[in-house]
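Given next are the chains, with one letter for each unit.
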Amino acid sequence: MAFKTEEDARAYWRRNVRLMAIMLTIWFLVSFGCGILFVEPLNSFHLGGYPLGFWFAQQGSIYTFVVLIFVYAWRMGVIDREFGVHDD
Amino acid sequence: MSELQIMTFIVVGATFALYIGIAVWARAGSTKEFYVAGAGIHPVANGMATAADWMSAASFISMAGLIAFMGYGGSVFLMGWTGGYVLLAMLLAPYLRKHGKFTVPEFIGDRYYSKAARIVAVLCLIICSVTYVIGQMKGVGVAFSRFLEVEYGTGLIVGMAVVFTYAVLGGMKGITYTQIAQYCVLITAYTIPAVFISLQLTGHPLPQIGLGSTMTGSDTYLLDRLNQVVTELGFTEYTSQVQISYFNMFVYTMSLMIGTAGLPHVIIRFFTVPKVSDARKSAGWALVFIALLYTTAPAVAAMARLNLMTTIEPEPGQYLAYDERPTWFKKWEATGLLEYQDKNGDGLIQYSADPATNEMVKVDRDIMVLANPEIAGLPNWVIALVAAGGIAAALSTAAGLLLAIASAISHDLLKGVFMPGISERTELMASRVAMAGAIGVAGYLGFNPPDFAAGTVALAFGLAASSIFPVLMMGIFSKRMNKYGAMAGMITGITVTLLYVFQHKGIMFIPGTEFLGDMKPNWFFSVEPNAFGAIGALFNFAVAIVVSRLTAPPPEHIQDLVEHIRIPVGVAAAHDH
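Just so you know, the residues in each chain are numbered from 1, in the order the chain's sequence is written. Chain letters start at A and ligand numbers start at 1, both assigned in the order the entries are written. Per-residue local features of the predicted model are confined to residues with pLDDT of at least 70, and side-chain atom pairs are confined, for both listing and counting, to 80 or more; whole-chain, interface and lining totals are unaffected and use all residues.

S.K.: Got a sec to walk through the interface of chain B and chain A? Specific residues and values, please.
M.R.: The contact rule is simple: place each C-beta atom from the backbone, and if two of them lie within 7 Å, those residues are in contact. Contact with chain B, which involves 43 residues of that partner, is made by 35 residues of chain A. What counts as a helix is a DSSP run of H or I of at least four residues, what counts as a strand is a run of E of at least two, and both are numbered from the N terminus. Looking at the side of chain B that touches chain A, the elements that each hand over two or more residues are α5 (75-99), α11 (222-232), α12 (246-262) and α14 (276-312) of chain B. For the side of chain B that touches chain A, the element with the most residues is α14(B), which contributes twelve residues. Taken together, the residues of the side of chain B that touches chain A sort by class into 24 nonpolar, 14 polar and five charged. Ten residue types, Ala, Val, Leu, Ile, Met, Phe, Trp, Tyr, Cys and Pro, are classed as nonpolar, four, Asp, Glu, Lys and Arg, as charged, and the remainder, Gly among them, as polar.

This is the structure:
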C-alpha cells in the first residue's frame, strides 16, 4: 500500500469522489439540464442566430465536456501529488 | 469514366496506399504489441487514434444526415457521443489502465474472480461489437455504391473485401499509427466542405459560427430561414423538433453516453498509454479531436437540409423540373437510395411533409453528407476527399472493433479459458479467423440493416450500456460487488435490452420476425428501442446490487485488488502472461 496510513487512503478516495461528483453535476446540468429539460425556456434567449437551448444541445455541452475532462485530469494530478501516489 | 470518378480513385487510392504503408512499417511483433501496442503510445497520439477508432461511418457519413432531418432531436447523438468521454475519463479509463491487462473481459474475469463472468463478458462484447460492425457495413456500402456507381449490395461486398484485407494486416500497433493518419484524412475531409458551404451561405469560414450567423446578403439568420423553409412545406420547425418526447431524448442521450464508456474497443485504447495520468489526459485529447467534428456536424446538417430544400424548390411554389435535375440527383437515384415518383404527372419535383403529395418518396439519410458537397456545387476534388474521409472513418472503426472481437475470442475464450496452452502463433491465427467470421456475419446482416447507419450503431451503444458499463463501474467503485451480482446484472441488462430491440426490429434484425403482438411500438414510456440501453443499464445495476447483497462478499485479495487499481502509483506496463 502506497499510503502512509489507512486514514490517508480513505481521504484520498473521498477527495477523488468529491471532485468527480462536482464534475458530473456540471456534466449533467449542461447536457441533460440546459440541452433537454430546460431547453424550451432557454430557447427564448438567443446567442446570435442560435436559440440558447438549441445551442447548448448542439454546441455548448460539447465544449463544456472537453473542459471538464482537462480540469479533472489537472485536479487529480494535484491530489495524487499531495498524497504521494502520483505516477509522473 | 467521369472526371469525378477518376479523382475519387486517385484520392481514395492514395490514402489506402498510405494506410497500408504505415500498417506494414508498424506491424506487431508480439502479442503485447498486437493487443495493446506495447503500452507505449503518447497520450495525444492515443487521443487522436481513439478519435479515429471511435468516429465511425456513423459519425462521418450518417450523423449529420440524421440531424438534418431530426433537427433539434438529433442533439441526442451530439451530446450522447461526446458526453460519454467525461464518464470514461472519470469512472473507468484510469482504473482499467492501472489494472494493466489486454482486454475488457480479462478485467471482468480478474475482478470477479470467475471464468464464467469472463465468458459472459465475452458474449456481451461480441453481441455489441457485431451490431456495431453492421452499422459500419451500411456506411461502407453506401460510400462504395455511390463512388463505384453500383447497387448498394455490390458496394457492400466490395466494402467487406476491403475491410477484411485491411483488418487482417493490423494488430493494435499498426492500427494505432494507421488510425492517426485516418484521423487526419477524415477531419480534413469533413471540415473543408463545411468551411466552403459556410462561406457560401453565411460568409463566415467557421461552420460553428456560421450556423449562428445571418445569410449572405440579408439580415435573416440561417436557422430562422431554415425554420421558415421547412415549416412552409409542412415539416416541424428545425430548432424545436423533438425526437418522440423529451423523456425519450433524455434516455437516448444517457444510453449513448454510458454506451460510449462501455464499448470495449474504446476502452482498450486506454490500455495503450504508459501511465494512469496519461489515461485521464488521453480521454481529454480524444474528446478534443472528436469535438472538432462534432461541433461542425450540426452546421453541416442544417446547411445540407437548407441546400437540399432550396435546390428542389428555389422559391416558394416554384419547383425544380425532373428533367433538369442535377447530376448528383441522377447518380444517387442509380444507387436506389434516392427515389422520385411523379405523383401528379406534371414533371416537377414537389417535396412536402404530406405523404400523399410528396414526390421525393425516398431520401436515405445516409446519403446527405456524401451528397452535400455536390448539392452545394463544390469542386470535384472536395467530393473525392469526402469519399476518402467516409471510407477512412468506416475502416478505422471496423479495424478497432474487429480487433476487440478477435482478442475476445482468441485471448479470452481460447487462451484464457478453453486452451490455456496454445502458442502465440496459434492465438494470432485464431484472431484472424475470428475477424473473418465477424466480417461475414456483419456483412450478411448488413444487407438488411435494422436502421440507418447511425441508428444501428446507437443500438450497439445501447447493448454496451446495458451490459458492460455497469459491471465495470461497480467493479471499481464497490468493493462489495461479487461475481454473482456481476453475472446476474450483465445477463439481465443485455437480455432486457435485446428483447425490447428484437421485439421492434426482428430477431437478429431479420425482417418479419418482430414479435410485437398487441403492443404498440415504443410501448415503454414512448422510449424507442435505440434508446433502451439506459433502461437496460438500470436493470443491470438493480439486479447486480440485490444479488450481491444476498450472496457472499468477494474474497480478501479481490478487495485488495480494488484498493490497488484506485491509485495511480505502481503501474506496470501491461504485462505479458
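There's more to say after this.
S.K.: Can you explain the packing of helix α6 (residues 104-111) of chain B against helix α17 (residues 380-418) of chain B? Please cite residues and give values.
M.R.: All names here are of chain B. Every angle, taken between N-to-C directions, lies between 0 and 180 degrees, and every axis is a line fitted to C-alpha atoms, over only the stretch in contact when it is a helix. Across the interface, α6 lies against α17 with an axial gap of 9 Å and an inter-helix angle of 35 degrees. Residue-level contacts link P105, E106 and G109 of α6 to A408, D412 and G416 of α17. Considering only residue class, the contact of α6 with α17 consists of two nonpolar, two polar and two charged.

S.K.: Talk me through the packing of helix α1 (residues 6-37) of chain A against helix α3 (residues 52-82) of chain A; I want residue IDs and the actual numbers.
M.R.: All names here are of chain A. Two elements in contact, α1 and α3, have axes whose closest approach is 8 Å; the angle formed by their N-to-C orientations is 170 degrees. When the axis of α1 is compared with that of α3, the two are roughly antiparallel. Counting all contacts with α1, which are made through Y12, R15, N16, L19, M23, I26, W27, V30, S31, C34 and G35, the residues of α3 involved are G53, F56, A57, G60, S61, T64, F65, L68, Y72, R75, M76 and I79. Across the contact of α1 with α3, the residue classes break down as 14 nonpolar, seven polar and two charged. Any angle that is under 35 degrees is reported as roughly parallel, and any over 145 degrees as roughly antiparallel; angles of 65 to 115 degrees are reported as roughly perpendicular and all others as oblique.

S.K.: I'd like to hear about the nonpolar core, residue by residue, with values.
M.R.: Residues A:I69, B:L186 and B:I405 are the most contacted members of the largest nonpolar core, which totals 216 residues. For this core, the element with the highest residue contribution is α17(B), accounting for 22 residues. When neighbours within four sequence positions are excluded, A:I69 is seen to be in contact with B:Y85, B:V86, B:A89, B:A283, B:G284 and B:L287. What we call a nonpolar core is a set of buried Ala, Val, Leu, Ile, Met, Phe, Trp, Tyr and Cys residues whose membership is set by joining through C-beta atoms within 7 Å. To sort residues by exposure, count the other C-beta atoms lying within 10 Å of each residue's C-beta; 20 or more gives buried, 12 or fewer gives exposed, and values between give partly exposed, all with C-beta atoms placed from the backbone.

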